Amino acid sequence: MNVFIAFVIIVVAFELMGRIMVGDSFLFNTRENVEGMFNTARLSIIILQVATVGIIALGVTQVIITGGIDLSSGSIVGASAMVAMSFAQTALVNGNPNPKAIFGDWAMDLPMILPVLIGMTVGVLAGLINGALIAYTKIPPFIATLGMMVSARGFARWWSNGNPISFPTEGYNAIGRGMNPVIIFVGLAVLFHLLMTYTKYGKHSYAIGSNEQATRMSGINVDRHKVLVYVIASALASLAAVVVSSKGQTAQANMGVMYELDAIAMAVIGGVSLQGGRGSILGTVIGALIFGVIISGFTFLKLDAYYQEMVKGAIIVGAVVLDQYRQQGRARA
């Protein structure tokens, strides 16, 4: 509820600043030749801007709820995008052989589902490594995922010697077309909201984040569950890679830079506690919308992009400070 109130306040603030600074409405339609009360174009842009990173944030939310952290998701986006796109290429470009071809004819014009599954396999393997290191060697999540962040980025650059991979099939292009990224994001948000709220998977995740030792003593296989959580988070990062590479119709090794921090910020702004054991998928969705409003609002006000970064940083710090006060209040109670 507090997150939603903050979201409303930010929207109202941009509406007022728009009226004062640029003489226009941020939220409502002011053009006589366009029907409708709301500025639907801006609303669509807001959610489109955060849909891809929002998919990653859904997985990061689950990791943080278990008391962990994942710094590798942005690099996994780069690695997965490179691999997926190399199997999503069309054989002919304007009647000529594909100039960016990575493999031979056997890897050209494949059904759309194959590059998607191959790309997500990269994420699953990365998640298995992250989860196994954290669960069975007891390496801190920060260190394990930091190592994966560096390794996955190196893998992405190695895959095609640093060259971009382009010219995907029409089927692959369709994944990121129009509002499809939003549909994927919303569908996954509903799925994981239900899983985290009504299933043993969700209950075990919250239990591990609240008190791992007590959870172990209750008979729950904590190590196996942690591996599963990191696999899901990395698989979602790979799916985001498919979406972003499809939307841009190309894959580059530097795709996904800073995505992990934006995803963590969405979760924290949405009320997920960095201490673990508390938060929700719904809160993360609202946190993503807050990001979208900030980005679109600063563009609407014609302010330079670097102001966005400063404001986002201040909001993140403020959200963590607020969480600390909440934790202290609960401890005193």
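Here the structure is a predicted model, which is why all the values come from computation and not from measurement. (Residues numbered from 1 in each chain as written. Predicted model: local features only at pLDDT ≥ 70, side-chain atom pairs only at ≥ 80, totals over all residues. Heavy atoms only, no water.)

### Details of a nonpolar patch on the surface
So, step 1. Together, Met17, Ile20, Met21, Val22, Leu303, Tyr306, Tyr307 and Met310 make up an exposed nonpolar region whose accessible area comes to about 770 Å².
So, step 2. Looking at the nonpolar patch, the elements with two or more residues in it are helix H1 (2-22) and helix H13 (305-332).
So, step 3. It is H1 that provides the largest number of residues to the nonpolar patch, a total of four residues.
So, step 4. Along the polypeptide, Val22 turns up in helix H1. (Patch = residues over 30% accessible without salt bridge, like charges linked within 9 Å, V, L, I, M, F, W, Y side chains within 5 Å. Areas by Shrake-Rupley, 256 points an atom, 1.4 Å probe, with all protein chains shown as cover. Salt bridge = Lys/Arg side-chain N within 4 Å of Asp/Glu carboxyl O. Helix = DSSP H or I, 4+ residues; strand = E, 2+ residues; numbered from the N terminus.)

### Here's the deal with the nonpolar core
So, step 1. In terms of nonpolar packing, the biggest core is built from 88 residues, with Leu58, Tyr172, Ile290 and Val293 touching the most fellow members.
So, step 2. Element by element, the count of residues in this core is highest for helix H2 (residues 40-65), at 14 residues.
So, step 3. The residues contacting Ile290, other than those within four sequence positions of it, are Val3, Phe7, Ile10 and Ile269. (Core = buried A, V, L, I, M, F, W, Y, C linked by side-chain atoms within 4.5 Å. Buried < 20%, exposed > 50% of the residue type's maximum accessible area, 1.4 Å probe, protein only. Contact = heavy atoms within 4.5 Å.)

### Describing the layout of surface pockets
So, step 1. Considering only enclosed or pocket space, the largest pocket measures out at about 440 Å³ in volume.
So, step 2. Elements with a contribution of two residues or more to the lining of the largest pocket: H1, helix H11 (259-269), helix H12 (281-300) and H13.
So, step 3. Its residues assigned to classes, the lining of the largest pocket shows 13 nonpolar, six polar and two charged. (1 Å grid on protein atoms, 1.4 Å probe; cavity = no way out; pocket = protein on both sides within 12 Å on 5 of 7 lines; lining within 4 Å. Points joined across faces, edges and corners; volume = space filled by probe spheres on them. Nonpolar A, V, L, I, M, F, W, Y, C, P; charged D, E, K, R; others polar.)

### A closer look at the environment of Gly270
So, step 1. With respect to the secondary-structure elements, Gly270 resides in the loop between H11 and H12.
So, step 2. The spatial distance from the C-alpha of Gly270 to the C-alpha of Leu289 is 9.5 Å, given a sequence separation of 19 residues.
So, step 3. If we ignore the near neighbours within four places in the chain, the residues touching Gly270 are Val3, Gly283, Thr284 and Gly287.

### Observations concerning the pattern of salt bridges
So, step 1. Applying the stated criterion across every chain, the model contains six salt bridges.
So, step 2. Residue Glu170 pairs with Arg177 through a salt bridge whose shortest N-O separation is 2.6 Å.
So, step 3. Note that Glu212 is salt-bridged to Lys226, the shortest N-O span being 3.0 Å. Taken together, the positions of Glu212 in helix H9 (residues 212-217) and Lys226 in helix H10 (residues 222-248) put the pair 14 residues apart, joining distant regions of the chain.
So, step 4. Of the residues examined, Glu212 reaches a relative accessible area of 27% and is grouped as partly exposed.
So, step 5. Overall, Lys226 belongs to the buried group, its relative accessible area being 12%.
So, step 6. Taken together, the shared-partner salt bridges connect Lys138, Glu212, Arg216, Asp223 and Lys226 into one network.

### Overview of the packing of aromatic side chains
The description of two aromatic rings rests on the distance between their centres and on the angle between their planes.
So, step 1. This structure, assessed with the given rule, holds eleven aromatic pairs.
So, step 2. Ring geometry for Phe4 against Phe7: centres 6.3 Å apart, planes inclined by 40°, an arrangement best described as tilted. With Phe4 and Phe7 both in helix H1, this residue pair falls three residues apart, about one helical turn. (Phe/Tyr/Trp six-rings, centres within 6.5 Å; stacked < 30°, edge-to-face > 60°.)

### Focus: the environment of Ile102
So, step 1. On the secondary structure map, Ile102 appears in the loop between strand E2 (96-97) and helix H4 (113-136).
So, step 2. A C-alpha to C-alpha distance of 9.8 Å links Ile102 and Val83, two positions 19 residues apart in sequence.
So, step 3. In this structure, Ile102 is in contact with Ser86, Gln89, Ser160 and Ile165, ignoring residues within four places of it in sequence.

### Details of helix H8 (residues 200-210)
So, step 1. Looking only at H8, the buried set comprises Tyr201, Gly202, Ser205, Ile208 and Gly209. The buried residues of H8 occupy an angular sector of 130° when the element is viewed end-on, so they sit on one face. Looking at H8, the residues exposed on the side facing more than 90 degrees away from the buried face are Lys200 and Ser210.
So, step 2. Looking at the packing, one finds that the buried side of H8 touches H2, helix H7 (180-198), H9 and H10. (Arc of directions from axis to C-beta.)

### Points about the side chain of Ser25
So, step 1. Its location among the elements puts Ser25 in the loop between H1 and H2.
So, step 2. Of note is the side chain of Ser25, whose polar atom sits 2.7 Å from the side chain of Glu15.
So, step 3. Polar contacts involving the side chain of Ser25 include one to the main-chain amide nitrogen of Leu27, which spans 3.4 Å. (Polar contact = N/O pair within 3.5 Å; in protein donor to acceptor, adjacent residues only side chain to side chain.)

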